[in-house]
Amino acid sequence: MKTILTIVFLAISTAFYGQIDTRIYDIVEDVSAEKLEYYVQNLADFGTRNTFSETESDTRGIGAARRWIKKEFETISSDCNNCLEVFFQSKTVTPDMGSRIPKTAEIKNVVAIQKGKKYPNSYVIMSGDIDSRASDTQDFTTDAPGANDNATGMAGAMEAARVLSQYEFDHSIVYVGLSGEEQGLFGGKFLAEYAKEKGWDIIGVLNNDMIGNIEGLDGVIDNRSFRIFSEAHNPTETDRERQMKRYYGGEVDGVSRQLARYVYETTQTYMPEMNPIMIYRLDRFGRGGHHRSFNDLGYPGIRIMEAHENYNQQHQDVRVESGIAYGDVIEHVNFDYVKKLTAVNAISMASLAWAPPAPSEVAIGGIVEPSVRFKWEQENPEDVKGYKVYWRSTTSPTWDHFRYVENVNEITLEGIIIDNFFFGISAVGENGHESVVVFPSKIMR
Ligand SMILES: [Zn+2]
């Protein structure tokens, strides 16, 4: 009898796991390559968007570019009954603040917020960058079209806003153009500080930086692969938290890493032809991006980007030298690929913003026991249909196994030895959408 019951239970949970939301397919299809090209073309046409370039002209420089982005967000908003709150968020930088600041300038981010209906103070953020650079990062007059770096990320955020603003979400979504990336990640720093001041509860930051190149300098042409960079753990962790990892694990399970796994899984589920590659590091070797500013303050944040870069086409004056064409011009951007990566962002944000809040106070126990015990707390349990208790081999990058349970906030998994796996828990909503997996932070004796 017990065996039969177990089989029935498994059948139900498997059926539930298979629940998909067809709106996600609509979102994938709705992202438009033409729209993305329109955004990138307009951004490239401002000549240069260097942080210190001119701000008075309406056709050239960073000032014109950010005003145009704001206007585009406002147009998107007017098509959704003013569902976006659009504003500049700014702060001044002076030469004493960094070696790459030639003069005092206003760093202005363009922010568009789609408020969540149930959890307005809980945010998913998608960022791109407004600014571009020539060979010399302090050269603010030479043309720097920055078509791929990073008009593509900016365009992606604008297009995601256009597509997702046709829906209503439980959590808030922020679409943002950050500024001052090339001179010291200032825009990200200022927005992260702003979020901290306002007490934003940040589910995650999807930072998009270069999402349009499919032909690498390595000779590889690949329009399916992309990289997801994530830091193992935030630099805000305490010595005690670091010590705990020696005994209880968690070296590869920080909050940004869980966000990376979420994007990876969502892509695998809804866009199976894509090839997401998780890279277990903050960013590329010795280089940076705007998600770092959020990580610095303890927020989950990842970088989404192309798999194969062409270094001749980034941070270079537009020119031909020894037969090689340098420069970040629009001709090198593949808009079908930008569309795919924008869709990856849009569906990940939609899933997160439709999911219940993640469980909290997740505790685990089972030392010298032939079973593992869990206990957790849940904000607004009425929004939760059930929970997935995950486990994976300690060498696996992904959450490979789970048990689905309902109407409980504690469970014992019999026959599983705590020593041999890593564990985590997510909350699942009525619509099938799932929160980020939470790694246990408490030990039960
Ligand atoms: Zn760059």
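Throughout, a residue's number is its position along its own chain's written sequence, starting from 1. Side-chain atom pairs in this predicted model are given and counted only at pLDDT of 80 or more, local residue features only at pLDDT of at least 70, and totals for whole chains, interfaces and linings cover all residues. The side-chain numbers reported here are obtained from all heavy atoms of the structure, hydrogens and water having been left aside.

- Per an unreviewed UniProt entry, the recorded name for the protein is M28 family peptidase, and the organism is Psychroflexus aurantiacus.

## Overview of the overall build of the protein
Then step 1. Secondary structure counts use DSSP, requiring at least four H or I residues in a row for a helix and at least two E residues in a row for a strand, with both numbered from the N terminus. Regarding its fold elements, the protein presents ten helices and 17 strands.
Then step 2. Note on method: radius of gyration uses C-alpha positions; expected globular size equals 2.2 Å times residues raised to 0.38. In summary, the protein has a C-alpha radius of gyration of 22 Å against a globular reference of 22 Å for 445 residues, a match within 12%.
Then step 3. Its C-alpha atoms put the protein at 75 × 45 × 45 Å along the principal axes.
Then step 4. With 445 residues in all, the protein has 57% of them scored as buried.
Then step 5. In this description, contact between two residues means that some pair of their heavy atoms is separated by no more than 4.5 Å. Contacts in the protein between residues far apart in sequence, at least 24 positions, make up 76% of those at least 6 positions apart. Here's how the labels work: a residue is buried when its accessible area is under 20% of the maximum for its type, exposed when over 50%, partly exposed in between, all with a 1.4 Å probe on protein chains only.

## Let's talk about a nonpolar patch on the surface
Then step 1. The patches described consist of residues with a relative accessible area above 30% and no salt bridge, like charges being joined within 9 Å and nonpolar side chains (Val, Leu, Ile, Met, Phe, Trp, Tyr) within 5 Å. Working definition of accessibility: Shrake-Rupley area with a 1.4 Å probe, residue cover restricted to the visible protein chains. Definition used for salt bridges: Asp or Glu carboxyl oxygen within 4 Å of a side-chain nitrogen of Lys or Arg. A grouping of Tyr-247, Tyr-248, Ile-367, Val-368 and Ile-443 is seen on the molecular surface, where their side chains present a nonpolar patch of about 520 Å² in accessible area.
Then step 2. Mapped onto the fold, Tyr-247 is located in helix H7 (residues 239-248).
Then step 3. Given a relative accessible area of 57%, Tyr-247 falls into the exposed group.

## Points about the coordination of the zinc ion
Then step 1. Water is absent from the atoms considered, so a metal site may look incomplete; donors are defined as N, O and S atoms within 2.8 Å of the metal, or 3.2 Å for Na, K and Ca. In this structure, Asp-149 (OD), Glu-182 (OE) and His-315 (NE2) serve as the protein donors to the zinc ion, at separations of 2.0 to 2.2 Å.
Then step 2. You can call Asp-149 buried: its relative accessible area is 5%.
Then step 3. Looking at Glu-182, the relative accessible area reads 6%, which means it is buried.

## A few points about the environment of Pro-359
Then step 1. Positionally, Pro-359 belongs in the loop between helix H10 (335-354) and strand E11 (360-365).
Then step 2. Take Pro-359: its relative accessible area is 4%, and that puts it in the buried class.
Then step 3. As a C-alpha pair, Pro-359 and Ala-260 span 99 residues in sequence and 18 Å in three-dimensional space.
Then step 4. Here Pro-359 is in contact with Trp-376, Glu-377, Gln-378, Tyr-387, Ile-425, Ser-426, Ala-427, Ser-435 and Val-438, once residues within four sequence places are set aside.

## Topic: the state of the cysteines
Then step 1. In plain terms, two cysteine sulfur atoms within 2.5 Å form what is called a disulfide here. For the coordinates displayed, the defined rule picks out one disulfide.
Then step 2. The disulfide partner of Cys-80 is Cys-83, and the S-S distance across this bridge is 2.1 Å. Between Cys-80 and Cys-83, the S-S torsion sits near -85°, and that sign places the bridge as left-handed.
Then step 3. The exposure class assigned to Cys-80 is buried, which follows from its relative accessible area of 14%.

## Let's talk about the sheet that holds strand E7 (residues 275-279)
Then step 1. A pair of strands is considered paired only if DSSP assigns at least 2 bridges between the two. Strand order in the open sheet formed by eight strands is E1-E2-E4-E3-E5-E8-E6-E7, and the pairing between neighbours is mixed. In the strand order of this sheet, the two ends are held by strand E1 (84-93) and E7, each with one partner. Taking each pair of neighbouring strands and ignoring which way they run, the sheet shows an average axis angle of 25°.
Then step 2. Here strand E6 (residues 225-230) pairs with strand E8 (residues 301-306) via five bridges, running antiparallel. If you follow Ile-228 over to E8, its bridge partner there is Ile-304.
Then step 3. As a rule, the C-alpha atoms of each element are fitted with a line to give its axis, helices using only the stretch in contact, and angles between N-to-C directions run from 0 to 180 degrees. The sheet strands contacting helix H5 (residues 147-164) are E1, strand E2 (105-114), strand E3 (119-129), strand E4 (171-178), strand E5 (201-208) and E8, and the helix crosses E3 at an angle near 145°.
Then step 4. Of the strands in this sheet, E3, E4, E5, E6 and E8 touch H10, which is tilted by about 165° from E3.

## Here we look at the nonpolar core
Then step 1. Buried residues of nine kinds, namely Ala, Val, Leu, Ile, Met, Phe, Trp, Tyr and Cys, make up a nonpolar core once their side-chain atoms join them within 4.5 Å. Judged by nonpolar contacts, the single largest core of 70 residues is most densely connected at Ile-27, Ile-69, Phe-73, Leu-164, Tyr-175 and Met-349.
Then step 2. Tallying contributions element by element places H10 first for this core, with 13 residues.
Then step 3. Contact partners of Leu-164, with chain neighbours within four places excluded, come to Ile-27, Gln-114, Phe-169, Ile-173, Tyr-175, Ala-346, Met-349 and Ala-350.

## With respect to the pattern of salt bridges
Then step 1. Using the criterion set out here, one finds 27 salt bridges in the structure.
Then step 2. Where Glu-193 meets Lys-91, a salt bridge forms, and the shortest distance between an N and an O atom there is 3.2 Å. Here the residue Glu-193 occupies a position in helix H6 (residues 186-198), and Lys-91 occupies one in strand E1, the gap between them amounting to 102 residues.
Then step 3. Accessibility expressed as a relative area gives 37% for Lys-91, which makes it partly exposed.

## Looking at the pairing of E11
Then step 1. Pairing analysis gives four bridges linking E11 to strand E12 (residues 371-377), with the strands arranged antiparallel. Residue pairing for E12: Gly-365 is matched across the bridge by Arg-373.
Then step 2. In this structure, the hairpin formed by E11 and E12 is closed by a connection of five residues, where Gly-366 is found at a positive phi of approximately 145°.
Then step 3. As defined by bridge partners, E11 adjoins strand E17 (residues 442-444) across three bridges and the pair is classed as parallel.

## Quick look at the domain arrangement of the protein
Then step 1. Boundary definitions for the domains trace back to an automatic or database domain assignment. Domains assigned within the protein are domain 1 (22-354) and domain 2 (360-443).
Then step 2. Buried area adds together the accessible area that both of two parts lose upon being put together, with accessible area traced by a 1.4 Å probe. Counting the surface lost from both domain 1 and domain 2, the interface buries some 1600 Å², and carbon and sulfur atoms represent 57% of this.
Then step 3. In this assembly, domain 1 and domain 2 are joined by two salt bridges.
Then step 4. Think of a polar contact as two N or O atoms within 3.5 Å of one another; within protein, one of them needs to be a possible hydrogen donor and the other a possible acceptor, and neighboring residues in sequence only count if both atoms come from side chains. Summed over the shared surface of domain 1 and domain 2, the number is nine residue pairs in polar contact (both at pLDDT 80 or more).
Then step 5. Residue assignment for the side of domain 1 that touches domain 2 shows that the elements contributing at least two residues are helix H2 (22-30), H7, helix H8 (255-270) and H10.
Then step 6. For this classification, Asp, Glu, Lys and Arg are treated as charged, while Ala, Val, Leu, Ile, Met, Phe, Trp, Tyr, Cys and Pro are nonpolar and the rest, including Gly, are polar. Taken together, the residues of the side of domain 1 that touches domain 2 sort by class into 14 nonpolar, four polar and five charged.

## Some details on the sheet that holds strand E15 (residues 410-414)
Then step 1. Pairing is mixed in the open sheet, where four strands are placed in the order E15-E12-E11-E17. The strands lining the two open edges of the sheet, one partner per strand, are E15 and E17. Put simply, the sheet's adjacent strands are angled 25° from each other on average, direction ignored.

## Overview of the side chain of Ser-122
Then step 1. Among the secondary structure elements, Ser-122 is positioned in strand E3.
Then step 2. A polar atom in the side chain of Ser-122 sits 2.7 Å from the side chain of His-171.
Then step 3. Apart from residues lying up to four places away in sequence, Ser-122 is in contact with His-171, Ser-172, Asp-201 and Ile-203.

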